Structures are given as C-alpha cells and as structure tokens.
Amino acid sequence: MPEKKIKKVKIDGRKIACEREETILQAAKKAGIEIPTLCHDDRLEPYGGCRLCIVQVKGVVRPLPACTTPVTNNMEVCTENDIIRRIRQNIIALLLSNHPNDCMKCEKTGDCALQDLAYRYDVDSTRFEGEKWDLPIREDNPFISYEPNKCILCGRCTRICNEVVMAGTIDLVGRGFNSMPDTAFRRPRTIDNCEFCGQCVSTCPTGALTDKKGRGRGRSYEMKKVRTTCSYCGTGCNFDLNLKDGKVVKVTSAYDAPVNHGNLCIKGRYGYDFIHSADRIKTPLIRRGDSFHEATWDEAIDLIADRFSGLMKKYGNKTVGAFSSSRCTNEENFLIAKFARTVFKNNNVDNCARV
Amino acid sequence: MAERKKTRPKAKAKSGTKVKSVRKPKTAAKTGPKPKSKGPDIKGLVIRVCLGTGGLAAGSQEVIDAFHDELKAQGLEAIVKKKCVNKTGCRGFCAKDVLVDVILDGSTSTYQRVRPEKIGRIVEEHIIKGQPVEEWLVGPDYHTFHDKQTKILLKQCGQIDPEDINAYIGIGGYEGAKKALSLTEFEVIEEVKKSGLRGRGGAGFLTGLKWEFCSMSRAFPKYIICNADEGDPGAFMDRSIIEGNPHSVIEGMIIGGYATGANIGYIYIRAEYPLAIERLKIAIEEATKKGFIGKNIFKQGFDFTIRIKEGAGAFICGEETALIASIEGKRGMPRSKPPFPVNKGLWGKPTVINNVETLSNLPSIITKGASWFASIGSEQSKGTKVFALTGKIKNTGLIEVPMGISLKEIIYDIGGGMEKRNRELKAVQTGGPSGGCIPASHIDMSVDYESLMRIGSMMGSGGMVVMDNYTCMVDMAKFFISFTQSESCGKCVPCRIGTKRMQEILTRITGGKGKEDDIDLLVELGTDIKLSSLCGLGQSAPNPVLSTIKFFRKEYESHIKKGICPAGVCKALRQYVVNTENCKMCGKCARVCSSGAVIWQPKQKAVINKSKCVKCGACFDACPFKSIM
Ligand SMILES: Cc1cc2nc3c(=O)[nH]c(=O)nc-3n(C[C@H](O)[C@H](O)[C@H](O)COP(=O)(O)O)c2cc1C
Ligand code: SF4
Ligand code: SF4
Ligand code: SF4
Ligand code: SF4
Ligand code: SF4
Ligand code: FES
Ligand code: FES
C-alpha cells in the first residue's frame, strides 16, 4: 500500500517527511508553517468549505484546499503567492459583505477567527456591497445564543453535532445565499432535540454561537484560564475555567487535552454554577443527632479514623469498605481503592458508576 | 406496472362503452366502395404514436384509444395485427406532437399534431383507401430537422415500445450485455477505452478510464450509479432516453457493473420525472423476469441488482459527490476530491457514476464494436451527442448530432434558422446555466469537448440556447447566474456569496445603476470564484458572465456609460420615443399611459415627456403601428 511509505514533500521550500495519509495542512503544521483556516477543526473530518486554506501545488492549475488534499510524494506546495493572497482577501471581503461587522460589542472580539483574518489580510467590509442577512438573534436554547447574522457557514457546528456528538440537532438548511445552520424544519433548539453540550459553541470560529451564561461577563483576554479536570464523571475531561476577578465566568475547551480534545458534555461545560453557589458546602459537616455541624478537616478525619478502627476491632476488618464517587477523578478513585486494600486490608471497594 | 394496469383497463372500458355504435360504421365499411379489393394490405399495418412526455401532454393516450375504437368501428380489428398500435418515446420534435407514423405497404407517413378527432379521417382515407391525408402530414421542416442528425440513441426511442422488453430485444437489445458477460472484465474495459466514449454528464471524462480506475480498487462491494438527475433548466435528453428506451440504460449499467465488478446499481432520478420512473420500474421488473437482472444473470455467474433512488430535484444533487451524499441520506452537498468516488464513493466503497446518455451508448459499442463508434465524431470526441435545442430558433427540440458538427449546421440546417425572419443570430449558449456564450462570429466552430472549452463554454449535459439580436447579453448573464446562485449548496464562500454579489452587480447594471469599475470587478470576482470554488457548480457559474464580457463588452459598457440597453430588453434603461414618421395620431398611447407622460391631441403626433415617463412600456405595447421605440 503506497500510504504506508514515507512521502517527501516540499512546502514553501522546506522539506518535510510525511508518514501515513497526511493532508497538506497537517504537514505544514508539523513544520510550523501556518495556513489560514476557518472551517477546519482537528476534531472533525476534513471539509473544504471556506476555501481560505487554498494553496498552489506545482503542476496543478487550480489552487487546492490544504485541509482536504492529501500529500503525495514529491509534492511541491506554495502556501501563498499574489493570486492566493488576492483570493483570500476576496473571500474575507465576501464574508464581511454579509456580516454585521459589529466587533465593538460582539462577545467574540479578541477571540474571533474572522476578525483576526480581516486584520491579518488587511480587508475591510466595503469592497462588496449588497444584501445582508437581517435575522433575529435566536435565544430559544437555554445555554446557547445564536446570532445567525454573524454566521459564516463554516459548517463546524453542524458537523460536530453530527460527527462527534451524534445528536443530529442541526444541519445546513436552505440553498444558495440563504443557506444556514438550523434544526429540522427550523424548530426551536430545545431539550426535545438538543443535548445542550455546547460542542457547537466550542467550535464556532465567530460570534454566531456563544455561551449564554458567559455573555457580557468579560472579554476572553481579560480571563485567567485555569486548566482543570471535570469533577462530574470518571472520563476525566479537561477544560479551562475562565476566571475574572477571581470568579469562574465560563468554561472553555482545552483543545490539547489528551482525554477529550476539547470535547465536553453539558455537565462539564455548563454545570459550574455550584462553584460560587451560596448553598455550597465548604467544610466537612458532622452529624450530631438530627443536625449537621461544621467542622475542620482534622476533626472530621479523626472522627472517621476512630470509628473505622472501632468497627474493625469489634467486628473484624471484613465488615468495612470504601465506596467512592464517580465524580472523583481516576487518581482519587485509585487512591481510595489503595486505601481500602492497605489500611482496611480487604477488597471491599465500590463506586457509584453503574450507568 | 402500475401504469399499465391503469391504462389498459381504461382503454378497454372506453372501447367497451362504444360497442353499441360499432354496428353502423361496420356496415358502412362493408358497403364502402373499395376497402378490401384495391386498398392497401392492412394486415401489415403498423401505427406508432409518440408517448413521450410531450406526446402525452398533447393527448397521445387519447389518440391511441381513438385508433383502437376506430379500427374496431371500421371492422378492421380482426384483420390487423394484434399489437398494430405501438407506443414510442420522444422523437425530439415535441412541438409537433402528437406525432403518429402510419406504416402501410412498407412506406411510412408521419402525421403531426394529431388529435383524436382526426383519427376517423386518417383511418378512412389512408388506411382503408390508401390515400394519406396530405394536409395533416408533417412538412419539409420535419425532414430537414431529422436529416442532418445522426441518430443512435434517439432512433430507438422513436421506434420501440418502451414498456415492452420484447420490442427492445427485437431490435437486438441485451445482445451487448450478453456479449460483454462472455468477455473478461478487462476486455470490456479495453473495448470501451478504444471506443473513445467520454462522459455525457458534463466533464467529458473517458468512460473506459473511469471504469478501469474503479476495477482496480480492491474494496468491496462496489457500486455503479446512473446519474439521471438532469437539473439543467430546459434540458430533457436524459428523461427522453429513459422514457423512450429504458432498457438501453439498464443494459449499459449491466455492462458497466460487470466491467468494474459492481453488483449493485443505483439509478438516481429526480422525482419530477414520474413517467421515466414508472417506465424504469416496468423495465427493471421485465428484465428481472427474463433473468437479465438478479442472480447469475445470463447464466454467466454474475449477480446484478438495480435500485431506484428518487431525488428531490436539487440541481446540485447532479454533482457526483453530492449525489452520493443524497443517496446516503445526507444533505446533497459536494465534498472535496480526492478521494474520488472510484476509490471512495457510496458508503465509502468504490463507485462508478455515469450519466444516462453515456450508459445508453454502451450496448451498441459492445455489439457493433469500438471502431464503429470511434468512426463517428471528431478526433477527440467520439460518437454523437444529444442536445436540447431551444431559444429564438425555428425548430426547437431534442436533436442528436455527431460530435464535431459545426454550430452553423445545427442552427441553420437542423434548427431551420432564426424563429423570426428579420432577426439575426447573436449568440449561442451551450452547457446549460454554467456554460458560456458563443458569439455568432464563431458559428463555424466545431461542437466538441475541447473546442467548447477553449472558447470559454462547455459541453455540459447538452443544453443549447439560441439567441437573436433582441437578446440582451447582460440580462442573459444575470438570468443564468441567478439560477446557479439559487441552486448553490452554500458550502463554500466564493460560490455562496460570490455569485450573489455578481448577480447583484448585474442587477445594478441592467437597472441603470452600473458603476464605472463594475466590469473589472465582475471579471476579478468571476475569476476568483472559478479558481477557488469547491465543485463544478461554483467553478463554472461565472462562465456566462465572463464569456459575455469577453465577447460583448461593449454591451456592458453601453449599459453603464451610456445608460442604453442596445437590445432594448432592460426596462429601466429603455427610452420611449415616438417615431413621428409612423405615428398615425390615434392617441392609444396617451390613453394607456398612467403617468401622463404622453402629450397628444387629436390630429397631432404624440410626444413622450421623458421626465414624466416611468418606463412601464404600456405605450409601446399599445401602439398598433409600432411607432413607439
Ligand atoms: C452542479 C453540477 C450538476 C451536475 N448535474 C449533472 C446531471 O444532472 N446529470 C449528470 O449526468 N451529470 C451531472 N453532473 C456531472 C456529474 O458530477 C458527473 O460528472 C457525471 O454524472 C459523470 O458521468 P459521466 O462520466 O458519464 O459524464 C453535474 C455536475 C455538476 C458540477
Ligand atoms: S463575529 Fe468576529 S468579526 Fe463578527 S462581529 Fe463578532 S468579533 Fe467581529
Ligand atoms: S448543543 Fe450539542 S446537541 Fe445541541 S446543537 Fe450544539 S452540538 Fe448539537
Ligand atoms: S454558527 Fe458558527 S460554527 Fe456554525 S456554521 Fe456558523 S460560523 Fe460556523
Ligand atoms: S461529566 Fe462530561 S465533561 Fe465531565 S468528565 Fe464526564 S463527559 Fe467529560
Ligand atoms: S461550489 Fe457552490 S455548489 Fe459547489 S460546493 Fe461550493 S457552494 Fe456548494
Ligand atoms: S480550512 Fe480548508 S477550506 Fe476551510
Ligand atoms: S415527446 Fe413526442 S416528440 Fe418529444
């Protein structure tokens, strides 16, 4: 099979050796050569929709999209020349010609791929005039705000919903200039058809899809990002808590996380209200009679140790066990099991994960 | 099957109700002067009625019923062959429908515009007395229309009953498939390669080569798909072939399936073609009964099944990767190639996609041989091509011509020249909405893949629109790009937004609001859209605009700089003036003008006040003397 062989390619004069079936985009990335993209997301199948990543391949008249074109042996690629640059500028100008260009108060400013590209390619919104979408903001989803006017139809939301989440909530509907991501029969995006996982938000390159809870609570560059592990289930997804003024404002994907590559479910992405909840239990509670009393960790641990030792002395070490939570991390679960085996000296270990 | 069940009892019921009146004419026939003695040999009578969509719309079913009734009434039913009234498919000249051939004593007379009420006289005078009804026969234009054509595919369409497999077998049908299955796959592919057959669906890729690529793919199962989506506005060649000769398409698929190793065939056909779908269903059922489809076909150890998939009629679903997505139940949207369908097609498996016309060429290539096929056509484009000839031309319809024929022959010999005498040929649009415009000055050019490409147009699936000097090229370009824009799938930016902006610029030019640099902007945008779009739709959508700018730039400039539409089509640019020489002072224009712009008094010539005129054109239409310009 030719795919197995190592292929030698030249991108912008630099020699790169590629194994397996790599695309031009992947090969370029490996060599640190940046090619602009809008519709590409490493989590998704190659798409080739925005056409921004087109590059010139020697011997081919038409420029080819780097994100979908596999490298072939001895391929020579030029990632930008005058024609490519002009086409990229025209593509961006076309996108801006049907865009509200509302960066000043847009939720996405500072973190927007379109804004960055317009800046990088020196494009303003005046080159092409004509009809612009004037569609209402859709607030039918409890977690997600959808501003169709800012959508560039990269298809990332629809693909992540179908390829990764497999919820099939949204797809591109309509034809021509009026195509847009929407649900079947353009019904509201509610609990009937959507999982509220926010995966679509995590991939949207523009301000078309934003997390409702985080809206208006700060620019992305104002946030301190703290990488953490989700505490809801044993999968161990990583994400970034976004902190402003010491408070968690929202959760964003950690695309480099080895476990989940930026993917999250509703709990990890939106279930963070408890952090600053007034009802949150912040110290151990010890039950005396019918009521709970706040205690320090030392008090609590001493009490547990006393009781366990007492029980083991009285009834034998087989009568106690450890039951941990699937909201703990793998490491924590491992430790509690180890604790049972070394301290209780038994195998009475269990966990609430049954589903 | 459903159709037959529907039509047959209906025919019976009709003749049944007329049984009572049979007696009278019967005796009349008996006492009639010379029916049996000197008349023609009625035993050999064959009547062929066009039952294409055009024919059906003109009432051919009623004509068939009328023939049956009349033959019965005249007491001829017992003499003639049981199946003397035959249905045929489209002959291409639908404007003359219902077309009827009467074949008597070996000579064929063709009647045009036949209606049920004409049958009595045809039977009486022609069939019984041997005197064709001259005034209803087709005129010389019917013959000039056909004489310059080389009919391979359409010939059979006009001859055989598409709902009867035996009619097809009778003219050598399924011999090609039988022969192919007795050869090796390799030999079949070699034969097709040698014939030089190129895809008729648009791009003109060598069919044999495509098959070879698919046969080399080692994944299984493989599929062969017949592309019968036919979305070009005004195109109906594929529909006519399926309606007129469905078995030729099925036979082509069997040959292709065998050669490439595909055991499953799909026919992707738009749901707007109910008659074609019905006939395909009948054909598949009959072919299955005969053992041509199914397990171990022709007893050669090869299994082949065919499924029909109805499309919802989106133009983009004709593009092969979008078509595959549509069969898979996804949104009809093209994807990047590579991987090509021959390697990763339907359900990720190797798939050959061929157009209807391509496939129906295959049976005769196999039976008559590659060299026979290669002897027709030009150096690099072999065989014939079916075109839908329309526009400002006398004979519109479906034509089949050898590749390499000149445009001139098509327009003047087959098409009979301009529809209106005093008008001139201005341009010809080939290749459907994404083809290009060929100016009259290039009329001698040869019609083949390369020549059309070179001039900025393309073969496409075979649309051919003839335009006269009253056609505005800017308006025409706007029309075509509006079509492609509304049919764009929206996946890629240049096509989705770019064609929209081009359409808007053209609208502004035809609306009298064009800007100085609009032409340059159109050229730059059009070029970039062609270069950067994902699929064939976007890559060719700017063609009508770019080719009209190339050949008719002055017309664009006139719209923008002078505010004049030279063809007088763009309403906003029209200037209405009264030609005082012709004005007969009738005042009709003044009466219809709702803006009070026409100044007229009895016995005075009318004058139009430009500042009040809103260019509605009412005066122009009202003037009986054509003196408003
Ligand atoms: C926008 C678009 C529409 C198309 N529509 C059709 C169609 O209606 N019928 C068809 O046979 N091919 C159509 N094609 C061409 C097909 O993609 C494909 O090339 C063809 O079916 C291959 O068959 P062939 O090799 O026999 O020509 C279309 C292509 C494009 C880009
Ligand atoms: S989506 Fe991006 S480009 Fe659009 S308004 Fe918001 S920040 Fe600006
Ligand atoms: S929230 Fe999840 S399920 Fe809902 S549309 Fe977005 S990706 Fe699909
Ligand atoms: S909503 Fe966002 S992710 Fe979805 S298509 Fe539009 S821009 Fe792309
Ligand atoms: S709850 Fe969801 S986000 Fe959290 S770890 Fe489990 S799957 Fe990942
Ligand atoms: S070129 Fe047009 S039709 Fe083709 S994929 Fe792009 S948007 Fe869709
Ligand atoms: S990133 Fe390649 S086409 Fe969008
Ligand atoms: S349908 Fe009768 S000639 Fe076309």
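Draft legend 1. Spotlight on the overall build of chain B. Across its full length, chain B holds 26 helices and 16 strands. Computed over the C-alpha atoms, the radius of gyration of chain B is 28 Å, within 12% of the 25 Å expected from 2.2 N^0.38 for a compact globule of 629 residues. Taking all 629 residues of chain B together, 58% fall into the buried category. For chain B, the centre of its 94 positive side-chain charges and the centre of its 65 negative side-chain charges are spaced 5 Å apart.

Draft legend 2. Representation of the nonpolar core. Grouped together as the largest cluster of nonpolar side chains are 92 residues, with contacts concentrated most on Ile225, Leu522, Val545 and Tyr556 of chain B. At eight residues, helix α2 (residues 82–97) of chain A tops the list of elements feeding residues into this core. Every residue in contact with leucine 522 of chain B, bar those within four places of it in the chain, is listed here: Met502, Ile505, Leu506, Ile509, Val545, Leu546, Ile549 and Tyr556 of chain B. In terms of nonpolar packing, the next biggest core, distinct from the first, is built from 60 residues, Cys214, Ala235, Ile255 and Ala259 of chain B among them.

Draft legend 3. Summary view of the layout of surface pockets. Residues and elements named next belong to chain A. Volume-wise, the second largest pocket comes out at about 1,300 Å³. If you trace the second largest pocket, you find 43 residues lining it, with His40, Asp41, Arg156, Ser202 and Tyr255 closest to the centre. Put simply, the parts of the chain that give the lining of the second largest pocket at least two residues each are α1 (24–30), α3 (113–120), α5 (199–203), β9 (209–211), β11 (238–244) and β12 (247–253). By residue class, the composition of the lining of the second largest pocket is 14 nonpolar, twelve polar and 17 charged. Each of two domains, domain 1 (7–80) and domain 2 (99–276), supplies a minimum of three residues to the lining of the second largest pocket.

Draft legend 4. Just the confidence of the model for chain B, in detail. All names here are of chain B. With 94% of its residues at a pLDDT of 70 or more, chain B has an overall mean of 90. For the stretch residues 1–37, pLDDT sits under 50, and the model shows 29 contacts to residues farther than four places along the chain or on other chains. In the predicted assembly, ipTM is 0.89 and pTM is 0.87.

Draft legend 5. Structural context of the domain arrangement of chain A. Parsing chain A into structural domains produces domain 1 (7–80), domain 2 (99–276) and domain 3 (285–354). Centre-to-centre separation of domain 1 of chain A and domain 3 of chain A, based on C-alpha positions: 55 Å.

Draft legend 6. Geometry of the side chain of glutamate 487 of chain B. Turning to its location among the elements, glutamate 487 of chain B is positioned in helix α20 (residues 473–487). Not counting the four nearest positions on each side in its chain, glutamate 487 of chain B is found in contact with Arg175 of chain A together with Ala314, Phe315, Ile316 and Leu537 of chain B.

Draft legend 7. Just the interface of chain B and chain A, in detail. Each partner contributes to the interface: chain B provides 36 residues, whereas chain A provides 35 residues. For the pair chain B and chain A, the two sides together bury roughly 3,000 Å², of which 53% comes from carbon and sulfur. Where chain B meets chain A, there are four salt bridges. In this structure, glutamate 524 of chain B and arginine 127 of chain A form a salt bridge, with 2.9 Å as the shortest nitrogen-oxygen distance. For the pair chain B and chain A, the interface holds 21 residue pairs in polar contact (both at pLDDT 80 or more). If you list the elements that add at least two residues to the side of chain B that touches chain A, you get α20, α21 (493–510) and α22 (518–532) of chain B. The greatest single-element share of the side of chain B that touches chain A, amounting to nine residues, is contributed by α21 of chain B.

Draft legend 8. Quick peek at the site of ligand 1. All names here are of chain B. Neighbouring ligand 1 are 18 residues, the closest being Gly201, Lys210, Asn227, Asn355 and Thr358. Here glycine 231 contributes a backbone N or O atom positioned 3.4 Å from an oxygen atom of ligand 1. A distance of 2.9 Å is found between an oxygen atom of ligand 1 and a side-chain nitrogen or oxygen belonging to asparagine 354. Protein chains shield 90% of the accessible area of ligand 1, which is 610 Å² for the free molecule. Looking at the shell around ligand 1, the elements with two or more residues in it are β9 (351–355) and α23 (536–540). The dominant element in the shell around ligand 1, judged by the number of residues it contributes, is β9, at three residues.

Draft legend 9. How the structure looks around the site of ligand 4. Around ligand 4 lies a shell formed by Cys151, Ile152, Leu153, Cys154, Gly155, Cys157, Pro181, Cys204, Pro205, Thr206, Ala208 and Leu209 of chain A. Split by residue class, the shell around ligand 4 holds ten nonpolar, two polar and no charged.

Draft legend 10. Expanded view of the sheet that holds strand β7 (residues 294–297) of chain B. Residue and element names in this part refer to chain B. Overall, mixed pairing links the five strands, which are arranged β7-β8-β6-β5-β9 in an open sheet. Across the chains shown, the open sheet's two edge strands, defined by having one partner strand only, are β7 and β9. Averaged over all pairs of adjacent strands, the angle between their axes in this sheet comes to 25 degrees, without regard to strand direction. Examined bridge by bridge, strand β5 (residues 223–228) and β9 share five bridges and lie parallel to one another. Across the sheet, asparagine 227 pairs through a bridge with asparagine 355, a residue of β9.

Draft legend 11. Geometry of the sheet that holds strand β3 (residues 100–104) of chain B. All names here are of chain B. Spatial strand order, β2-β1-β3-β4: four strands in an open sheet with mixed pairing. Each edge of the open sheet carries a strand with a single partner, namely β2 (85–88) and β4 (107–111). Ignoring strand direction, the axes of neighbouring strands in this sheet form an average angle of 20 degrees. As judged from the four bridges shared by strand β1 (residues 46–50) and β2, these two strands associate in the parallel manner. Each bridged residue has a counterpart across the sheet, and for isoleucine 47 the counterpart in β2 is valine 85. Packing of helix α4 (residues 60–73) onto the sheet brings it into contact with β1, β2 and β3, and relative to β1 it is tilted by some 160 degrees.

Draft legend 12. Broad picture of unusual backbone geometry. Cis geometry is adopted by the peptide bond preceding valine 98 of chain B, which originates at aspartate 97 of chain B and carries an omega value of 5 degrees. Residue position: valine 98 of chain B is located in the loop between β2 and β3. Each neighbour pair has its own omega, and for lysine 337 of chain B with proline 338 of chain B the value is -5 degrees, a cis peptide bond. You will see that asparagine 101 of chain A, though not glycine, has its phi angle at about 45 degrees, which is positive. Asparagine 101 of chain A sits in the partly exposed class, given a relative accessible area of 25%. Even without glycine at this site, histidine 261 of chain A takes up a positive phi of about 50 degrees. Along the polypeptide, histidine 261 of chain A turns up in the loop between β12 and α6 (266–270).

Draft legend 13. Region of the structure containing a nonpolar patch on the surface. All names here are of chain B. Taken together, Phe205, Leu206, Phe213 and Met216 make up a surface patch of nonpolar side chains, about 360 Å² in accessible area. Of note, phenylalanine 213 is situated in helix α11 (residues 207–216). A residue is classified by how much of its surface remains accessible, and phenylalanine 213, at 34% relative accessible area, is partly exposed.

Draft legend 14. Expanded view of the environment of asparagine 351 of chain A. Residues and elements named next belong to chain A. Tracing the backbone through its elements, the reader meets asparagine 351 in strand β16 (residues 349–351). Judged by its relative accessible area of 16%, asparagine 351 falls in the buried class. For the pair asparagine 351 and glutamate 19, spaced 332 residues apart in the sequence, the C-alpha separation amounts to 43 Å. Leaving out residues up to four positions away in the same chain, asparagine 351 has contacts with Phe323, Ser324, Ser325, Ser326 and Asn333.

Draft legend 15. Seen up close, the confidence of the model for chain A. Looking at chain A, the pLDDT average stands at 94 and 98% of residues meet or exceed 70. Taken element by element, chain A is modelled with least confidence in β16 of chain A, mean pLDDT 91, and with most confidence in α5 of chain A, mean pLDDT 98.

Draft legend 16. Highlighting the state of the cysteines. Under the criterion given, the structure shown has zero disulfides over all chains. Residue cysteine 214 of chain B stays outside any disulfide, its sulfur separated by 15 Å from that of cysteine 226 of chain B, the closest cysteine.

Draft legend 17. Geometry of the packing of α21 of chain B against helix α24 (residues 543–562) of chain B. Where α21 of chain B contacts α24 of chain B, the axes come no closer than 11 Å and their chain directions differ by 35 degrees. Every residue of α24 of chain B that contacts α21 of chain B at Met502, Leu506, Ile509 and Thr510 of chain B is listed here: Val545, Tyr556, His559 and Ile560 of chain B.

Draft legend 18. Geometry of the pattern of salt bridges. Enumeration according to the criterion identifies 57 salt bridges over all chains in this entry. The partner of arginine 85 of chain A in a salt bridge is glutamate 80 of chain A, and the shortest N-O contact between them spans 3.3 Å. Look at arginine 85 of chain A and you get partly exposed, because its relative accessible area is 30%. Note on glutamate 80 of chain A: relative accessible area 31%, which makes it partly exposed. Across the pair glutamate 212 of chain B and lysine 193 of chain B runs a salt bridge whose closest N-O atoms are separated by 3.0 Å. Of the two residues, glutamate 212 of chain B is situated in helix α11 and lysine 193 of chain B in helix α10 (residues 185–195); the sequence distance between them amounts to 19 residues. On the basis of relative accessibility, which here comes to 19%, the residue glutamate 212 of chain B falls in the buried class. You can call lysine 193 of chain B partly exposed: its relative accessible area is 30%. Put simply, Asp102, Lys105, Glu147, Lys150 and Arg215 of chain A are held in one network by salt bridges that share partners.

What counts, and where the lines are drawn
Residues numbered from 1 in each chain as written. Chains lettered and ligands numbered in written order. Predicted model: local features only at pLDDT ≥ 70, side-chain atom pairs only at ≥ 80, totals over all residues. Heavy atoms only, no water. Helix = DSSP H or I, 4+ residues; strand = E, 2+ residues; numbered from the N terminus. Rg over C-alpha atoms; globule rule 2.2 N^0.38 Å. Buried < 20%, exposed > 50% of the residue type's maximum accessible area, 1.4 Å probe, protein only. Lys, Arg positive; Asp, Glu negative; His and termini not counted. Charge placed at Lys NZ, Arg CZ, Asp CG, Glu CD. Core = buried A, V, L, I, M, F, W, Y, C linked by side-chain atoms within 4.5 Å. Contact = heavy atoms within 4.5 Å. 1 Å grid on protein atoms, 1.4 Å probe; cavity = no way out; pocket = protein on both sides within 12 Å on 5 of 7 lines; lining within 4 Å. Points joined across faces, edges and corners; volume = space filled by probe spheres on them. Nonpolar A, V, L, I, M, F, W, Y, C, P; charged D, E, K, R; others polar. Domains from an automatic or database assignment. pLDDT = per-residue confidence, 0-100. Buried area = accessible area lost by both parts, 1.4 Å probe. Salt bridge = Lys/Arg side-chain N within 4 Å of Asp/Glu carboxyl O. Polar contact = N/O pair within 3.5 Å; in protein donor to acceptor, adjacent residues only side chain to side chain. Near = heavy atom within 4 Å. Areas by Shrake-Rupley, 256 points an atom, 1.4 Å probe, with all protein chains shown as cover. Pairing = 2+ DSSP bridges. Axes fitted to C-alpha atoms, helices over the stretch in contact; angles between N-to-C directions. Patch = residues over 30% accessible without salt bridge, like charges linked within 9 Å, V, L, I, M, F, W, Y side chains within 5 Å. Disulfide = S-S within 2.5 Å.

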